[in-house]
Amino acid sequence: MSELRVAGLRAGVDGKEILRGVDLVVTSGQVHAVMGPNGSGKSTLANVIMGGPGYEVYEGSVTLDGVELLGLPTWERAQAGMFLAMQYPTEVPGVSLADAMAAALAPQGRAPAEVAELVAAEAVRVGVSTALLARPLNVDLSGGEKKRNETLQLAVLAPKIAVLDEIDSGLDVDALKAVSQRVELITNEVGLGVLVITHYSRLLRELRPDVVSVMRQGRIVATGGPELAEELESTGYAGYSD
Ligand code: ADP
Ligand code: MG
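Because the structure is a prediction, the values reported are computed rather than measured. (Residues numbered from 1 in each chain as written. Chains lettered and ligands numbered in written order. Predicted model: local features only at pLDDT ≥ 70, side-chain atom pairs only at ≥ 80, totals over all residues. Heavy atoms only, no water.)

Draft legend 1. The arrangement of the coordination of the magnesium ion (ligand 2) in detail. Of the protein atoms, only Ser43 (OG) and Gln87 (OE1) coordinate the magnesium ion (ligand 2), at distances of 2.1 to 2.3 Å. Taken together, the residues Ser43 in helix H1 (residues 42–50) and Gln87 in the loop between strand E6 (82–85) and strand E7 (92–96) connect sequence positions 44 residues apart. Residue classification places Gln87 among the buried positions, given a relative accessible area of 15%. (Donors = N, O, S within 2.8 Å, 3.2 Å for Na, K, Ca; no water. Helix = DSSP H or I, 4+ residues; strand = E, 2+ residues; numbered from the N terminus. Buried < 20%, exposed > 50% of the residue type's maximum accessible area, 1.4 Å probe, protein only.)

Here's what the structure looks like:
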């Protein structure tokens, strides 16, 4: 059983405070959705949790099973069991997805051939064409292909907690289904905990949230059950003050 705990988190960029005191918890097997309008700080939260470059933390903590993550380099957070599917996945010329996965799992003593097999099996499950596996990571891929790639990496790396930043943006209906169903299955089968950031409740029809939080201007302004996502779909964010 794992637990990601964000407490009193204040963070920003170049002295500009973006997160103004965020508290939330994600546990194994749980899907916690964070919804909010553009510019409310959702991607900042995702990046600060994972230690993305350029962000400053002013106060608070982010712990995984009681271990402070703030201050650790991103790769150590990943090794500890964290995963981030980025809103805009990075293109990495010269490194294939297969190579990246082999390198990521080598410290666990996993043989390259075993990882390659796993990658090939997951590619079929999330609908990534085999030809893409040997190509440079995310280079010249469509938005949908990049998001399927992120999902493949999540499945292969098997983290404890995954943060998904708008994994549904730019996806057609088929890709949305493939991605959300795969993540939901991992959640149920091996107890992955998910912090899923999205604008739209359509993603949450397949990837069922246990908790929904609403973010506005760098704060969580409401928390509830799955019904909150449906409510937001019809009312929007106007009813939530900052
Ligand atoms: P969301 O993901 O909810 O749309 P973001 O976290 O991307 O929101 O952005 C929140 C606010 O912080 C926005 O006003 C945005 O312009 C600002 N911001 C985010 N990243 C940076 C950055 N690197 N430099 C300056 N401002 C930023
Ligand atoms: Mg964002």
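Draft legend 2. Expanded view of helix H8 (residues 227–235). All of the buried residues along H8 are Leu228, Ala229 and Leu232. Each buried residue of H8 lies within a common arc of 100° when the element is viewed along its axis, so the set occupies one face. Set apart from the buried face of H8 by more than 90 degrees, the exposed residues are Glu227 and Ser234. In the core, the buried residues of H8 are packed alongside strand E3 (31–35), strand E11 (211–216) and strand E12 (219–224). Once H8 ends, the next one or two residues include Gly236, with phi positive near 75°. (Arc of directions from axis to C-beta. Contact = heavy atoms within 4.5 Å.)

Draft legend 3. Representation of empty space enclosed by the protein in the model. Applying the stated rule across the entire model yields 1 cavity of 30 Å³ or more. By volume, the largest cavity is sized at about 40 Å³. Around the largest cavity, the lining residues are Leu97, Leu132, Arg135, Pro136, Leu137, Asn138, Leu141 and Asn149. For the lining of the largest cavity, the class distribution of residues is 5 nonpolar, 2 polar and 1 charged. (1 Å grid on protein atoms, 1.4 Å probe; cavity = no way out; pocket = protein on both sides within 12 Å on 5 of 7 lines; lining within 4 Å. Points joined across faces, edges and corners; volume = space filled by probe spheres on them. Nonpolar A, V, L, I, M, F, W, Y, C, P; charged D, E, K, R; others polar.)

Draft legend 4. How the structure looks around the site of ligand 1. The environment of ligand 1 is formed by Val13, Lys16, Ile18, Pro37, Asn38, Gly39, Ser40, Gly41, Lys42, Ser43 and Thr44. One of the backbone N or O atoms of Gly39 is found 2.7 Å from an oxygen atom in ligand 1. One nitrogen or oxygen atom from the main chain of Ser40 is found 3.2 Å from an oxygen atom belonging to ligand 1. When ligand 1 sits alone it has 560 Å² of accessible area, and the protein chains cover 62% of it. Of all the secondary-structure elements, those providing two or more residues to the shell around ligand 1 are strand E2 (16–27) and H1. (Near = heavy atom within 4 Å. Polar contact = N/O pair within 3.5 Å; in protein donor to acceptor, adjacent residues only side chain to side chain. Areas by Shrake-Rupley, 256 points an atom, 1.4 Å probe, with all protein chains shown as cover.)

This is a description of form; function is not addressed.
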